[in-house]
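Chain by chain, the residues run as shown.
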Amino acid sequence: MSKPKVGFYWCASCGGCEEAVVDLAEKILDVVAAVDIAFWPVALDFKRSDVEAMPDDNMAVCFINGAIRSSEQQEMVELLREKSQLVVAFGSCAQLGGIPGLANMFRRQDMFNEVYINTASTVNDGKVFPAVSTNVDEGTLTLPLLWDTVKTLDQVVDVDYYLPGCPPPVNLITDAVGAILAGKLPAKGSILAPDIALCEECIRRDTKPDKLSLKEFKRPFEIKIDPELCLLAQGLLCLGAVTRKGCGAACVKANMPCTGCMGPTDQVTDYGAKAISAIASLIDSNDEKEIEKILTNIVDPAGTFYRYSLPASLLHRHYETSYEGGRK
Amino acid sequence: MSTVKGSSNGAPKIGVYICHCGINISSKVDVFKTVEFAKNLPNVTVSREYKFMCSDPGQELIQKDLRAGLIDRVVVASCSPLMHEATFRRAVAGADHNPFLFQMANIREHVSWVTFDKEAGTEKAMALVAAAVKRISLHIPLERTRVSVHPDVLIVGGGISGIHAALTLADSGKKVYLVEQEPTIGGHMAKFDKTFPTLDCAACILTPKMSAVRANPNITLWTYSEVVGVEGFVGNFKIKVKRKPRYIDESLCVGCYDCIDACIFKKGNVNDEFNVGLSKRKPIYIPFPQATPLVAVIDDKSCLEFKTKKCKKFCVDACERKAINLNQTEEIKEIEVGAIILATGFKTFDAHCVPRYGYGKYPNIYTSLEVERMVNASGPSGGEVVLKNGEPPKTVGIVHCVGSRDNHTNKYCSRVCCMYSLKLAHLIRERTHAEVYNFYIDMRTPGKGYEEFYEKLLNENVHFIRGRVAEISDWTLTPEEEGKLVIRAEDTLIGTVRRIPVDMVVLSVGMEARSDADDVRRLFNISCSKEGWFLERHPKLAPVSTFTDGVYLAGACQGPKDIPDCVAQAGAAAAEAMALIDRGYVELEPNTAFINDELCSGCKTCIGLCPFSAISFDNIKKIAAINGALCKGCGTCVAACPSGALQQNLFTDEQIFSEIKGVMSYV
Amino acid sequence: MSDNKSEEKRFEPKIVAFFCNWCTYTAADLAGTARMTYSPNVRVVRIMCSGRLDPQFVLAALRDGADGVLIGGCHPGDCHYQEGNYKAIRRFRLLKKLLKSMGIDDARVRLEWIAASEGDKVQKVINEMTETVRKLGPLDLEPKAWKLIRKTQIELPKAPQIALGGVS
Amino acid sequence: MNYAYYPGCSLKSTGRAYEESMLSVFEALEIPIEELSDWNCCGATAYMSISELKAFALSARNFALAEQQFKGSNDVNLVVPCAACYLGLNKARRYLAEHLEIKETVDGALKQAGLHYSGHVHIRHPLDVLLNDIGLEKITAAVKKPLTGLRVACYYGCQIVRPYAEFDNQHEPQSMDKILTALGAEVIEWPLKTRCCGGSLTGTVQEVGLRLSYILLKEAKKRGCDVVATACPLCQFNLECYQSEMLKSYGEVINVPVAYFTQLIGVGLGLSSKNLGLNRLFTPLKMPHPVKAVQGGQRVHS
């Protein structure tokens, strides 16, 4: 019998997820041995037409990484949805919007100005911006439309499973692939990672005081970080307690606070709001003014607490910069 | 009107019951429209309205549907849950269903009573009903945990209210701790001469009760003491009481006055609290002859020995029983009680706060309390009403509502002033035959035999002038005014401003919350009204309970009251405490926090947040653990739990999210 | 309201309130008992203590269509659970910071300490809040989420000829 | 702390002595004070009784000017000796602070004149400043000719403490008593401190106004005072100028000097009677024991 067909595709992402697949190292051979790779533009020469040619549900599973922020990405994922029995949101960007999702703090035009005008290295006297269609002598050139708002994969198409992480940890990927091949799958919509917060697997957990309270928040560059002691206890905004485990606390091991790429646990609706609740509760003051003072060192709340999950948050994006948002 | 639908099996079957509350609700909420609306909400199988849901027939409506299996969850839209949640939970339980499969929508206090427009009211009511319906589907059966109740009772304050409550409880065999901060019990009543309207002497009716307290083996009387610590909860309070040193061994002193006579000060040198400063007492003293306990006390602020260490200490030698112990130190008693009755009383309004009445500026202006002492046979003047110059007054003006019914001081009516002013008018007239003028705004004499008393005074040729006094001064215009105090007031009955020269003025000061009321209420974790009176759970239906279970109110600490009302309320408070103790247990609300071990990462965020130390870290399992008995159910830890492993019964995230969706689901 | 033609056009904000059981919810009951009429725009969700308030609830309310959120707790020092309201104020402060940075006018979310005896304050605060939010206009988060998707079809302005001409 | 001085119409006319004495006293106590330039009517009485809004607008202009003149300091203390101005400006300040709709209209009016009032003006009565900012200590220290033996009836009039008791008790004001006592005077106890002097009635329904001032002076005299101290130009005028009328109407010789409290302070501080405008008094102020000078703290009587 023929091997199950598998697809990989990337949308708005950095390529790190593709790297993660490569990180499988020799394990990737088992995968390749077990499946037919039917579509993987990054690695193999496939064309959109090849996919269009497929009958529906032709692929057993398609792993899609990256957020969705352009008309082209929308068309592609809708197409791939048709052609695959399972769609797996691969990595933070597909699951929660990820780093590209932070673009939701701005207007599209503001970003264009930044990228195509303001940056020091840019020379663009004609003030040319990407346009959906441009007439040249040879005819009309077209580009996909870049959306004003970045979306998660499941805000565009129906998603069966999620592989969290930026990028997803190797062991989670192999487990997931294994489970899919073996047909041993959890309920639709599940996140293919343990449903418990990072502290559980953090080597520093025992160094965390039972009753922790914070008089000030520090940023990594401001202090010499103790390599043993719980990072939150050192005043660093380590979000491990709010974040799903599964990465083996890689960052913390590297003496860096957890920034939350694995996203929240199943019980939490809005990662940022929950983080705020947990962190603020630890502030060691009951006086409004002092509390304000303590909070001043949290310079970018949105960027801190929604670093990977802004599009998936209850607010989705910055309010006043959205087309209808704010007061006219 | 009502509708019944079948339900798909498995799904919850919700019954919605909308109350008219007579017209309290239906006048501002279209009840029938709301029933229609509720009928079409998901999982609602029964939707009915009824005139009074809290009435027996109303409750039976619910029970019938439960028994018939038409519904398995109940939503009642009526008054505030603080009012009738318990009632309806009982009803649900009565029909053999778990009482926590019940939710209330407050469409009276929060809708009909506060909304002008009926359409808006109806819409709001529907939103609240929708919220309750959405939420109830997520309710699960819960069990109340039972905690046994400690059988002893603490009573704070030894005035007439505290005394009466103590005796009532003691007579029923309950062990009572009566804590009074003064050296003797008796409170304000002990200072009064006669009591209105019967004119029987306060001492004659109070002192027997005082000695009964002393004699009763069930009552532990701690005078000159203060409660300094309160921990625990209903049925299981842990109390710390500070016993100030009185430098006299209570068990030895017999109150013979020898030490007092022997004191190096031959005459009193300290303002006598009991005579509100009208006389002097010695540093070692017994407040008054009927003081209970009849034990001397040394005031270390004025005692020469304590000030200079150079006193000859005649008192020590004078005491045959060697009861005096100048080395006595403050003592902390720790007790456990099941119930607490607060009877901390009131203070009288400080007349200095109304300078235009000249109190403290002109001689012969007295407060009503001072006059009470003056007319009292055991008082400083031996019952004589006299001016500073020793002469009896020929004319006396009694000014009502000093510190009452006045936007500049207290807005409320102190309830007792009219009556005691009449009483004082009578007594002064009786003693001095002086002309007595009463200046009043309204004569308020509600109460058994009160109006009759007023009638009696009218026939005793006491003058009544209806009008608030503008000012009292020595500013005279005519020879006959010379040397007198001139009271200026508008006589609203004859419509002119009058100047009435008098020899003596009595300011009928109102009642105020004690200055330490705020500390006391914080200590016992109860609320105060704006004016500082302790707040009862419900003005009509729970007048002696507070929002803190097991803490009850008696007497004037809850609001201005006369003696009969204080005694009545004290009895009620005692009965509430008795009911609690005789039940023997309390059922705690199950709205406590619980933890899902599988989900807890052991991040310890919650542990430091619990003010009741109900959360600890389990070092074996490496996760947090909650002690349900200590958890009071605030939910602070739940909100903080970063991974949602903590939840609160009756207030899970899910339930609250769905309630939010509910209130936002507009018609 | 419909009984008044002129007001029909007026924007009626939707406000969700989270009131603590012991002080503010009781105060709201008192306002009722005292028949203090106030604007009907606020829907109260009862929680045992302002310390139970998870910032998620606030965002959820806005997401579900609320134009504003009002939080009520016991005065500092008066918390029935001793310290819940202090935790509330810590979270609230950080939440306001976040909302600001997310471009949402922080006047839409308000925290008030209202004691059990302050029925009049409930009336005052709810009326004020309603007027403030009325002035701010609809927040309209939920529908916008969908409008945003439609917006993505809007064409950008054409770029000038020379731009890519040079390339070809 | 720097002070802006708002004279109002009276202190430039009938109340000249008040201005002269106050400014000299401030100078003697080294209190920096600067007259508000281009000030206008406070809006009291006439305007207030016909159109409050206009009155507020007038007051607001003065506030705006004050803020302009004292740009540096974010809070301006406007010293207002005239009781009527004091009340008028105070009322305006409160209404502007508490009633947005009024503030908006008034702002509009100010805008027309290119002015703006941002609400940082405090209305201060000289009594308030002397007692609460300067303090009795500093004043006592500056005393050169104690007012010993001078029996003063402190008369506050109605407007300083009513309806707004900003710095003193509404029914039993004390500030003037304290200050003059500090200067060695013997203030008499009398209950008419804030009773009406007749106000503008003396100009309209004279017999009524006259009776009211007569009651005050009669009582003050009866209690054996040497001088009545006032803090209001109108009171001073009423009490001083009609004493002959009183003789006519009531057949009683009053002949009680009525001075501004600032004049009495000035005397205590040993300032020249010219700088204090004492020469303007109808009934000259007589010191009980004329004090020549203070030598080494010892008073030397002539």
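Placed above this text is the structure.
The rules behind these values
- Residues numbered from 1 in each chain as written.
- Chains lettered and ligands numbered in written order.
- Predicted model: local features only at pLDDT ≥ 70, side-chain atom pairs only at ≥ 80, totals over all residues.
- Heavy atoms only, no water.
- Salt bridge = Lys/Arg side-chain N within 4 Å of Asp/Glu carboxyl O.
- Helix = DSSP H or I, 4+ residues; strand = E, 2+ residues; numbered from the N terminus.
- Buried < 20%, exposed > 50% of the residue type's maximum accessible area, 1.4 Å probe, protein only.
- Axes fitted to C-alpha atoms, helices over the stretch in contact; angles between N-to-C directions.
- Parallel < 35°, antiparallel > 145°, perpendicular 65-115°, else oblique.
- Left-handed = near helix turned anticlockwise from the far one by under 90°.
- Contact = heavy atoms within 4.5 Å.
- Nonpolar A, V, L, I, M, F, W, Y, C, P; charged D, E, K, R; others polar.
- Buried area = accessible area lost by both parts, 1.4 Å probe.
- Polar contact = N/O pair within 3.5 Å; in protein donor to acceptor, adjacent residues only side chain to side chain.
- Disulfide = S-S within 2.5 Å.

Observations concerning the pattern of salt bridges
Phase 1: Using the criterion set out here, one finds 94 salt bridges over all chains in the structure.
Phase 2: With its nearest N and O atoms 3.3 Å apart, the salt bridge here joins Glu 292 of chain A to Arg 93 of chain C. Of this pair, Glu 292 of chain A sits in helix 10 (residues 288-295) while Arg 93 of chain C sits in helix 3 (residues 84-101), placing the two residues on different chains.
Phase 3: Across the pair Asp 65 of chain B and Arg 48 of chain B runs a salt bridge whose closest N-O atoms are separated by 2.7 Å. Of this pair, Asp 65 of chain B sits in helix 2 (residues 56-67) while Arg 48 of chain B sits in strand 3 (residues 44-50), and the two are 17 residues apart along the sequence. An identical accessibility class is assigned to Asp 65 of chain B and Arg 48 of chain B; each is buried.

Some remarks on the packing of helix 11 (residues 368-375) of chain B against helix 12 (residues 417-432) of chain B
Residue and element names in this part refer to chain B.
Phase 1: Contact geometry for helix 11 and helix 12: axes closest at 11 Å, N-to-C directions at 40°. The angle between the axes of helix 11 and helix 12 places the two elements in the oblique class. For the crossing formed where helix 11 meets helix 12, the hand is left-handed. Residue-level inspection shows Ser 368, Val 371, Glu 372 and Val 375 of helix 11 in contact with helix 12, the latter providing Tyr 420, Lys 423, Leu 424, Leu 427, Ile 428 and Arg 431.
Phase 2: Partitioning the contact of helix 11 with helix 12 into residue classes produces six nonpolar, one polar and three charged.

What to know about the arrangement of the chains
Phase 1: Contacts are most numerous, across the four pairs of chains in contact, for chains B and C.
Phase 2: You won't find any contact between chain A and chain D; their C-alpha atoms come no closer than 22 Å.
Phase 3: In this view chain C stays clear of chain D, with the nearest C-alpha atoms of the two still 14 Å from each other.

Some thoughts on the environment of Gly 495 of chain B
Phase 1: Locating Gly 495 of chain B in the fold gives a position in the loop between strand 26 (485-491) and strand 27 (496-502).
Phase 2: Sequence spacing of Gly 495 of chain B and Cys 263 of chain B is 232 residues, and the spatial spacing of their C-alpha atoms is 59 Å.

Thoughts on the interface of chain B and chain D
Phase 1: Counting residues at the interface gives twelve residues for chain B and twelve residues for chain D.
Phase 2: When chain B packs against chain D, the two sides together hide about 1,000 Å² of surface, and 50% of this comes from carbon and sulfur.
Phase 3: Contact with chain D buries area across many residues of chain B, yet Pro 355, Lys 361 and Trp 475 of chain B alone supply 50% of it, more than any other trio.
Phase 4: Counting across the chain B and chain D interface gives four salt bridges.
Phase 5: Two residues, Lys 361 of chain B and Glu 189 of chain D, come together in a salt bridge whose shortest N-O distance is 3.5 Å.
Phase 6: Counting every contact that joins chain B to chain D gives six residue pairs in polar contact (both at pLDDT 80 or more).
Phase 7: Classifying every residue of the side of chain B that touches chain D gives three nonpolar, three polar and six charged.

Points about the state of the cysteines
Phase 1: Counted under the stated rule, the structure contains two disulfides over all chains.
Phase 2: Between the sulfur atoms of Cys 201 of chain B and its disulfide partner Cys 204 of chain B the distance amounts to 1.9 Å. Handedness of the Cys 201 of chain B-Cys 204 of chain B disulfide follows from its S-S torsion of about 100°: it is right-handed.
Phase 3: On the accessibility criterion, Cys 201 of chain B (17% relative accessible area) is buried.
Phase 4: With a relative accessible area of 51%, Cys 204 of chain B lands in the exposed category.
Phase 5: A sulfur-sulfur distance of 2.4 Å marks the disulfide that ties Cys 23 of chain C to Cys 74 of chain C. One quick way to see it: the torsion about the S-S bond of Cys 23 of chain C and Cys 74 of chain C is about 105°, and its sign makes the bridge right-handed.

That is the geometry; function is a separate question.
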